[in-house]
Amino acid sequence: MTDDVKPAGPQAAPARLLAGELWWKAGVVYQVYPRSFQDTNGDGVGDIKGVTARLDYLAWLGVDALWLSPVCRSPMADYGYDVSDYCDIDPLFGTLADFDALVAEAHRRRLRVIMDFVPNHTSEEHPWFREARASRDNPKRDWYIWRDPAADGGPPNNWISNFGGPAWTLDPATGQYYYHAFLREQPDLNWRNPQVRAAMMDVLRFWLDRGVDGFRVDVIWHLMKDGLLRDNPVNPDYRPGEPEINSLLQIHSADQPEVMQVIAEMRAVLDAYDARVLIGEIYLPLERLVAYYGTDLSGAHLPFNFQLIQTPWHAKAVADLVAEYEAALPAGGWPNWVLGNHDQPRIAARVGDAQGRVAAVLLLTLRGTPTLYYGDEIGLGRVPIPPERVRDPWEHNEPGRGRDPERTPMQWVPGPHAGFSTVEPWLPLDPQAQTGNVETLRDNPTSILTLHRRLIALRREHPALSIGAYRAVSVSGDVLVYERWHGDEVVRVALNFGHEACTTEVPPESGWEVLLSSAGGRRGEGPQDGYFALAGDEALVLVRRAPGAEG
Ligand code: TEU
Ligand code: CA
């Protein structure tokens, strides 16, 4: 058997449009940060036509859905997470027609499109907020969260912005403060107001009617705040150097029980359409996270599970995490796993290039929907950002917290600007772009890109990996072992989180063989005296074939 992976056009990919909700259960989601995927008009910023131009690549890679970070109209104070019109595309990214073409072209390739929905706050330039701030008795005033100053003239309570500094800004003209969980340019909507809810449900329908396959809902756990806006208590475990937001326990500013009702309303809107998905962005501890599946699964289909981002990179810690997560899931709740996104240091930067391969095997073999962050499949690491090129406002507020290093342009070819643009891009390219790019890596049988493509293909070939059950096997030293099974097929995964070579034992039944090694090669290899060798930083995917079965 050989390990060759030949590039193939989308026509060579097996059918991937799965019936009903299976598409988001068995499929792989790929996050595109549109500013950084592909520029087509030479302004150094990625655009929608660029995403469309790269759909063949996504089909070749084998993913099932793309999630697009925000492309709606925005003054870009937070790079699209500050929306000034929910029903239009920002001219920087293109037009509604470009968007429709993207959806049509994606669907033609059997790729689903998931939009980013940012309902917690608007831009300060949204017409709703312009009206709201016009006067205290404006009909839209109550669409946002306004309060009189405290007795000393300061903010109404002690809440802190997620980007540092106060979460309240005084509007001098009307003499009241408005609340913003993020930038002052991102006023929070008042989700207790039924008109706000109705308007936002209409936004969902607007995009559903255009054919989008689902939403990733930004900071969904933030939508409802304490009705009395009580002070948050001080965090006794806060250590200097952490983001300022961690100095308070966010018990009153987010994660209120009333939010479940809002999410159920969103779900009801989606459920009136066929097989659309609702994904919630939620940074909460496990026991709170799983509440977002909702009573009788009336909540988010997939409350994003960021636990792998927050757990130390050790076999035992990851084993414990998987066990806790599997145990915490509600009956019928479908798991999901995330290794990185546009807010988090890249996986290769966190664990190194060698363990980055182990991480890819983990992400794509655990039970649950994986979300892959663009660029991780070519091994992008932390890209250095010179001070004069900083873009993220968080970096200006709290130096060191900036998210630019994980938002740099995708690298397509070894040529100028890595094929991302014809001009200098909005953020610098990885200095290693000449070697770390799609064209260079795609025909290399041992590249990180080939590893991703093979893992995604394996999930399609082996239902044990995409929809099979999960069973923990062992954790000993640096090696974590688990199994996935479906029908009579058993797939076993052994991950070496250490740099030293070791071995992993398989049960005495015959028929074990290697399906994939993170290092490439070894396919079809059997055990030696009941053991498989594991190199340092190597992960193996094994399969047990019934004796006599063809491989
Ligand atoms: O992020 C929410 C959010 O909580 C993160 O910024 C978080 O504070 C941090 O990254 C956790 O380590 C979402 C978007 O993903 C982000 O890009 C936006 O800036 C933010 O909401 C505001 O819309
Ligand atoms: Ca552009």
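Residues numbered from 1 in each chain as written. Chains lettered and ligands numbered in written order. Predicted model: local features only at pLDDT ≥ 70, side-chain atom pairs only at ≥ 80, totals over all residues. Heavy atoms only, no water.

1. Side note on the coordination of the calcium ion (ligand 2)
Distances from the calcium ion (ligand 2) to its protein donors, Asp39 (OD), Asn41 (OD1), Asp43 (OD), Val45 (O) and Asp47 (OD), fall at 2.3 to 2.4 Å. Linear spacing of the donor residues for the calcium ion (ligand 2) on their chain is D-x1-N-x1-D-x1-V-x1-D. (Donors = N, O, S within 2.8 Å, 3.2 Å for Na, K, Ca; no water.)

2. A closer look at the site of ligand 1
Lining the immediate surroundings of ligand 1 are 18 residues, of which Asp78, His121, Asp218, His342 and Asp343 lie closest. Note that an oxygen atom of ligand 1 is positioned 2.9 Å from one of the side-chain N or O atoms of His342. Note that an oxygen atom of ligand 1 is positioned 3.0 Å from one of the side-chain N or O atoms of Arg403. For ligand 1, whose accessible area on its own is 490 Å², the fraction buried by protein is 90%. Here the residues of the shell around ligand 1 sort into six nonpolar, five polar and seven charged. (Near = heavy atom within 4 Å. Polar contact = N/O pair within 3.5 Å; in protein donor to acceptor, adjacent residues only side chain to side chain. Areas by Shrake-Rupley, 256 points an atom, 1.4 Å probe, with all protein chains shown as cover. Nonpolar A, V, L, I, M, F, W, Y, C, P; charged D, E, K, R; others polar.)

3. Regarding the domain arrangement of the protein chain
Per the domain assignment, the segments of the protein chain are domain 1 (23–120 + 191–459), domain 2 (127–179) and domain 3 (469–545). Once you take the C-alpha centre of each, domain 1 and domain 2 turn out to be 29 Å apart. Between domain 1 and domain 2, the contact holds 26 residues from the first and 18 residues from the second. Roughly 1900 Å² of surface becomes buried between domain 1 and domain 2 when both sides are summed, with 62% attributable to carbon and sulfur atoms. Summed over the three residues of domain 1 that lose the most area to domain 2, namely Leu229, Glu244 and Ile245, the buried surface amounts to 27% of that side. Summed over the shared surface of domain 1 and domain 2, the result is zero salt bridges. The interface formed by domain 1 and domain 2 holds eight residue pairs in polar contact (both at pLDDT 80 or more) in total. (Domains from an automatic or database assignment. Contact = heavy atoms within 4.5 Å. Buried area = accessible area lost by both parts, 1.4 Å probe. Salt bridge = Lys/Arg side-chain N within 4 Å of Asp/Glu carboxyl O.)

4. A few points about the packing of helix 6 (residues 194–209) against helix 7 (residues 259–271)
A pair of packed helices is captured by two measures, namely the crossing angle of their axes and the spacing between those axes. It is at 10 Å that the axes of helix 6 and helix 7 come closest, and there the two elements cross at 30°. Handedness of the crossing formed by helix 6 with helix 7: right-handed. The segment helix 6 lies against helix 7, with Arg197, Met201, Leu204, Arg205 and Leu208 engaging Gln261, Val262, Glu265, Met266, Val269 and Leu270. The residue inventory of the contact of helix 6 with helix 7, partitioned by class, reads seven nonpolar, one polar and three charged. (Axes fitted to C-alpha atoms, helices over the stretch in contact; angles between N-to-C directions. Helix = DSSP H or I, 4+ residues; strand = E, 2+ residues; numbered from the N terminus. Left-handed = near helix turned anticlockwise from the far one by under 90°.)

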